[in-house]
Amino acid sequence: MIHIANYIDGKLVSPINNQYLDNYNPATGKVYSYIPDSTGDDVQLAVDAARKALPSWSNLSNIQRSKWLEKISSGIKAKLDELALAESIDNGKPLWLAKSVDIPRAVDNFKFYSTAILHYASESHHTAQGVINYTLRKPVGVAACISPWNLPLYLFTWKIAPALAAGNTVVAKPSEITPMTAFLLTQICEEINLPAGVLNVVHGLGISAGNALISHDDIDLVSFTGGTSTGAHIAKIVAPKFKKMSLELGGKNPNIIFDDCDFDKMLKTTLNSSFANQGQICLCGSRILVQRGIYERFKTAFAAEVGKMKVGNPMQDDSRLGAIVSKPHYDKVLSYISIAKEEGGKILTGGEAVNLDGENKDGWYIAPTIIEGLDQQCRTNQEEIFGPVVTIQAFDTEEEALKLANSTMYGLAATVWTTDLNKAHRMADGIKSGIVWINCWLLRDLRTPFGGMKNSGVGREGGWEALNFFTEPKNVCIKY
Ligand code: NDP
């Protein structure tokens, strides 16, 4: 069985303590590889290597760094099939999804920032005759990047690419639940001879390796994507040290459907926005709010279509949903379905585990689940479940829809379905979330700001936002 290695100072190495954790294939419930159970000692080596590599990496020209990013992007592209298979085995997502979304997006992340850095410019202000201000944007230093398990390589590269492009060196920790593609990425970096120490990857648990990384005094910034409670813990440690911090956290996103929507387009997209990646995308619309005039029509059509969605072996092309990422997460999602029932929710479809046979008999599968009859204040409609579970609620007026949409502690994303342009703009203006999709979902432009309001995070990723975050602006004022 494969033993995953850390990548420190340009070399693939074992953890210092030689301890490993089991890595499970969620589709079979079996251990299939081992992950370094790294500690603060490994983090120390990685931070030292990143610190040592910083002067030469940050002094490269943007063109030189851009070429390195392009090489990494090409390296990922050349191994797309291998990486997609690894992602599907590690995470439980359907192979077709990893092939069409996750890995191509990792290619694009590096490609995008390899060109973005060539066009990134800093400001200059003519203040008065004989006075000019200009802004230098220098790399911040050693970046600590921590990413979650739901879109493993996709979100890992979404941080690393802009950090490196801007001239920082990186110590990264992927989720220990899905470490495989980050490991394969480090093999690519080794193959292309990326300068030693520029990127370092330390595998292991959040409570040990992760905590050691964010607490380390010699890192200069933290970029974190994960759950809101982990984000709060990280903020408590990092904020008193006055280090730059970006937190992309959880969501409880509303999908608001008005009577006047294009029903067929809405229904097709809502199947995806509810259950893509087993509902384990931070942007999934888990609270579906439907205007009363089409509530019954929607409920019947949606339940019928969801009932046809195949939950199956991730390797099969016709599996619409694969396995849930881990046993603890599977238990958590099922426990929320029990809570929903206790709260008086009516299960319209799903609501239970799916038992497959053969090699998948011990895998962790849950049927896509629709629940109705719950009010907005119950736990099911307030807490992030992060699985194939959605609720539906009826509303009458635009004001009511807005109030329901905004009544959680989260504010990551929202979707609105209407053919009334004015209403669409009013809703977009009133919804308190970092992202609003009108008549679409997950349509991404990598230049746009990405992130959440309220308890969904602090700061934005994407486009110039990320390059601004990964650089320190210094204003110089000259009188001549
Ligand atoms: P977690 O918060 O549990 O973990 C995220 C990462 O943080 C993992 O690498 C984890 O390691 C690490 N970690 C955990 N504890 C610590 C610690 N004390 N110090 C440093 N690092 C730590 O989130 P999940 O992995 O469960 O991901 C799901 C969550 O991510 C959901 O809430 C989802 O909404 C959110 N998310 C947000 C997105 C956004 O852009 N806003 C995008 C995607 C997901 P380990 O796995 O070893 O515990």
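Residues numbered from 1 in each chain as written. Predicted model: local features only at pLDDT ≥ 70, side-chain atom pairs only at ≥ 80, totals over all residues. Heavy atoms only, no water.

> I'm lost on the sheet that holds strand 17 (residues 389-395) in this one. Help?
Strand pairing in a sheet relies on backbone hydrogen bonds, with the paired strands running either antiparallel or parallel. The mixed open sheet is built from 7 strands, whose spatial order is 15-16-17-14-13-19-20. Only two strands of the sheet have a single neighbouring strand rather than two, namely strand 15 (346-349) and strand 20 (435-438). Going across the sheet, the axis of each strand differs from the next one's by a mean of 25°, ignoring polarity. Where strand 15 meets strand 16 (residues 369-372), 3 bridges bridge the pair, whose relative direction is antiparallel. Looking at the pairing, Lys346 lines up with Glu372 of strand 16. The strands touched by helix 13 (residues 398-405) are strand 13 (253-257), strand 14 (285-291) and strand 17; relative to strand 17, the strand with the most contacts, the crossing angle is about 150°. (Pairing = 2+ DSSP bridges. Helix = DSSP H or I, 4+ residues; strand = E, 2+ residues; numbered from the N terminus. Axes fitted to C-alpha atoms, helices over the stretch in contact; angles between N-to-C directions. Contact = heavy atoms within 4.5 Å.)

> Can you help me understand the site of the ligand in this one?
Every one of the 30 residues lining the ligand counts as a neighbour, but Glu176, Thr230, Leu249, Cys282 and Glu384 are closest to it. Taking Ser175, its side chain carries an N or O atom lying 3.0 Å from an oxygen atom of the ligand. Coverage of the ligand by the protein chains reaches 88% of its 900 Å² of free accessible surface. Breaking the shell around the ligand down by element, the ones donating at least two residues are helix 7 (206-215), strand 11 (221-225) and helix 8 (228-238). Looking at the shell around the ligand, the element that brings in the most residues is helix 7, giving 4 residues. Residue composition of the shell around the ligand, by class: 13 nonpolar, 13 polar and 4 charged. Looking at which domains feed residues into the shell around the ligand, each of domain 1 (2-249 + 456-479) and domain 2 (254-445) gives three or more. (Near = heavy atom within 4 Å. Polar contact = N/O pair within 3.5 Å; in protein donor to acceptor, adjacent residues only side chain to side chain. Areas by Shrake-Rupley, 256 points an atom, 1.4 Å probe, with all protein chains shown as cover. Nonpolar A, V, L, I, M, F, W, Y, C, P; charged D, E, K, R; others polar. Domains from an automatic or database assignment.)

> Help me understand the domain arrangement of the protein chain, please; the structure alone is not making it clear to me.
How big an interface is tends to be expressed through the accessible area that disappears when the partners come together. Per the domain assignment, the segments of the protein chain are domain 1 (2-249 + 456-479) and domain 2 (254-445). Using C-alpha coordinates to define each centre, domain 1 is positioned 30 Å away from domain 2. Counting residues at the interface gives 27 residues for domain 1, matched by 30 residues for domain 2. Between domain 1 and domain 2, the buried area comes to about 2,200 Å², and carbon and sulfur atoms account for 58% of it. (Buried area = accessible area lost by both parts, 1.4 Å probe.)

> Is there a simple way to explain the side chain of Asn381 in this structure?
Secondary-structure assignment places Asn381 in helix 12 (residues 379-382). Note on Asn381: relative accessible area 0%, which makes it buried. Within polar-contact distance, the side chain of Asn381 engages the backbone oxygen of Asp375 at 3.0 Å. Setting aside anything within four residues of it in sequence, one finds Asn381 in contact with Lys252, Arg287, Leu374, Asp375, Gln376, Thr391, Gln393 and Thr408. (Buried < 20%, exposed > 50% of the residue type's maximum accessible area, 1.4 Å probe, protein only.)

> How do you make sense of the pairing of strand 9 (residues 169-173) when you look at a structure like this?
In regular strands, side chains alternate between the two faces of the sheet. Burial of strand 9 is extensive: 5 of the 5 residues sit out of reach of the surface. Burial of the side chains of strand 9 extends over both faces: Thr169, Val171 and Lys173 are buried on one face and Val170 and Ala172 on the other. For strand 8 (residues 142-146) and strand 9, the ladder comprises 5 bridges, and the chain directions are parallel. By the bridge assignment for strand 9, Ala144 is matched with Val171. For the segment spanning strand 8, helix 5 (residues 152-165) and strand 9, crossover handedness is right-handed. Here strand 9 pairs with strand 10 (residues 199-201) via 3 bridges, running parallel. Pairing of Val171 across the sheet is with Asn200, part of strand 10. (Right-handed = clockwise from strand over helix to strand, strands pointing away.)

> Just to check I follow, could you spell out the nonpolar core for this structure?
Proteins that are soluble and globular tend to have nonpolar side chains buried together. By size, the foremost hydrophobic cluster in this structure holds 74 residues, and its most contacted members are Ile76, Phe110, Tyr113, Val170, Leu194 and Leu283. Excluding anything up to four places from it in sequence, Leu194 contacts Tyr7, Trp57, Trp68, Ile72, Cys189 and Leu199. By size, the runner-up hydrophobic cluster in this structure holds 26 residues, among which are Phe263, Leu271, Phe298 and Phe302. (Core = buried A, V, L, I, M, F, W, Y, C linked by side-chain atoms within 4.5 Å.)

> Hey, could you run me through the pattern of salt bridges in this one?
Applying the stated criterion across every chain yields a total of 22 salt bridges. Ionic pairing is found between Asp217 and Lys241, a salt bridge with its closest N-O pair at 3.0 Å. Of this pair, Asp217 sits in the loop between helix 7 and strand 11 while Lys241 sits in the loop between helix 8 and strand 12 (244-248); the two residues are 24 residues apart in sequence, bridging distant segments of the chain. Residue Asp217 is classed as exposed on the basis of its relative accessible area of 59%. With a closest N to O distance of 4.0 Å, Lys346 and Glu372 form a salt bridge. One end of the pair, Lys346, is in strand 15; the other, Glu372, is in strand 16, and 26 residues separate them in sequence. (Salt bridge = Lys/Arg side-chain N within 4 Å of Asp/Glu carboxyl O.)

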